[in-house]
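Observations on the three-dimensional arrangement
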Amino acid sequence: MFEDLKAPEADKILRLMAMFAADPRPGKVDLGVGVYRDPQGQTPVMEAVRRAETIIAARQRTKSYVGLAGDPAFADALRRLILGDAVPAERVATCATPGGTGAVRQALEMVQRITPDATIWVPTPTWVNHHAIIDHLGQKSRAYRYYDAADGTLDREGMLADLAQARAGDIVLLHGCCHNPTGADLQPDDWRAVGDVLEQTGAIPFIDIAYLGFADGLEADAFGTRHLAERLSEVLIAASCSKNFGLYRERVGLCMAITSGPGPRAAAAGLMAHLNRQSYAFPPDHGARVVQVILDDRELRGMWEDELSLMRETMNTNRAAFAEALRAETGSDRFGFLAGQRGMFSLIGATPAQVETLREDHGIYVVGDGRLNVAGLTKDTIPGVARAVARVLG
Ligand SMILES: Cc1ncc(COP(=O)(O)O)c(C=O)c1O
């Protein structure tokens, strides 16, 4: 059975992680893998998470199964965090999933089941795994313009022109905030314009929100998702708690389907639970419980929000300092866009050959498309990385 098997090519980010681990140079810098790092270069367990885990350990009397859709208290807490009062709970079907990736897969499997002929409109560029999952499911997709690489900003005109070609029932994939890999986000006016196009075409938004709180704050970062939820009768949402709760390995995600009312909501919830049953039956519970305990406890929630603010400030401070160091190295504002972008990622505009030179000659690891994780920078590494980027990118 396995004699002639060719293993699928590993994801480029996972390949890079393996190369970094094998590199013996002490000064190597990892700007590839998508995890937050504090100013000491660590990815720590958040204090609010530690406390919640202590509470759970003391209270939990059983590890028995929970339910196919996970714990409703978790879903409710995360729904309120993301959607606020934008839409009544009676219209929202939810299902816990293993991470945000599980939620993306779940949402796209629902699309495949319900409307196999729908086209998924995907921004250029987007997170590599979006393409991988859509291709794996065999769903049709079309690219829409999103990023203007020349000046590091959103290509608003291109995006709106392309999305105007979507048909009723098509799915438009959007990043809720901290677009991966560009860091170029929609501003409130852009969200309104996207809402207009979606209303005109009848296409359905699918919002992947994996970095809530990493851009400008919990409320500001939820603006786009809430805006579309208020305006449209149907919205799909995939949420991740990997980054904003630092729960990467616990696999905490939530798939939400906003529907027109209680009947469709019940049907969507039933389909989600059914899809869970077919793949892994019960979603992981521990991390989801940690999130629920934090969100529902005033003190822990305050502590978590403070820690999240610190993480956001670290990234935004890194952005400003890196842009400034590059300004000094290049004598130009060529990389000034880095300061205005948001989240962990930005594209520095490097060719694959330049990415290789950064890695081989300078021990600096960025993803092959030039995606760099600003959270991987520290005060100590910024000058050297800026010097190398200026030299290699000319
Ligand atoms: C855009 C986007 N969506 C979803 C995810 C899913 O993350 P996880 O499955 O670790 O929760 C990520 C993580 O890198 C991401 O960048």
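All of the points below concern the structure found in this document.

About the thresholds
- Along each chain, residue indices are assigned from 1 in the same order as the chain's sequence is written.
- Totals for whole chains, interfaces and linings use all residues, but because this is a predicted model, local features are given only for residues with pLDDT of at least 70 and pairs of side-chain atoms are given and counted only at 80 or more.
- Only hydrogens and water are set aside; all other atoms, that is, all heavy atoms of the structure, feed into the side-chain values.
- When two rings of Phe, Tyr or Trp (its six-membered ring) have centres within 6.5 Å they constitute a pair, described as stacked for plane angles under 30 degrees, edge-to-face for angles over 60, and tilted for the intermediate range.
- The helix and strand labels rest on DSSP assignments: H or I over at least four residues marks a helix, E over at least two residues marks a strand, and numbering proceeds from the N terminus.
- Placement of a charge over a ring requires the Lys NZ or Arg CZ to be within 6 Å of the ring centre, with the centre-to-atom vector within 35 degrees of the ring normal.
- Strand pairing requires that DSSP identify at least two bridges connecting the strands.
- Each axis is a line fitted through C-alpha atoms, and for a helix only the stretch in contact is used; angles between axes span 0 to 180 degrees, taken between their N-to-C directions.

Enumeration according to the criterion identifies seven aromatic pairs in this entry. Ring geometry for Tyr-211 versus Phe-345: centroids 6.1 Å apart, planes at 90°, classification edge-to-face. Of the two residues, Tyr-211 is situated in the loop between strand 8 (204–209) and helix 8 (218–231) and Phe-345 in strand 11 (residues 345–347); the sequence distance between them amounts to 134 residues. Following the ring pairs from residue to residue traces out a cluster consisting of Tyr-36, Tyr-211, Phe-214 and Phe-345. Between Lys-28 and the ring centre of Phe-20, over which it is positioned, the NZ or CZ distance is 4.4 Å. Between Arg-371 and the ring centre of Phe-345, over which it is positioned, the NZ or CZ distance is 3.7 Å.

A separate point is the sheet that holds strand 4 (residues 141–145). Read across the sheet, seven strands follow the order 2-10-9-8-7-3-4 without closing on themselves; strand pairing throughout is mixed. The outermost strands of the open sheet, each flanked by one partner alone, are strand 2 (92–97) and strand 4. If you compare each strand with its neighbour and ignore which way they point, the axes differ by 25° on average. Of the pairings in the sheet, the one linking strand 3 (residues 120–124) to strand 7 (residues 171–175) comprises two bridges and is parallel in character. Each residue of the ladder has a partner; that of Ile-120, found in strand 7, is Ile-171.

That is the geometry; function is a separate question.
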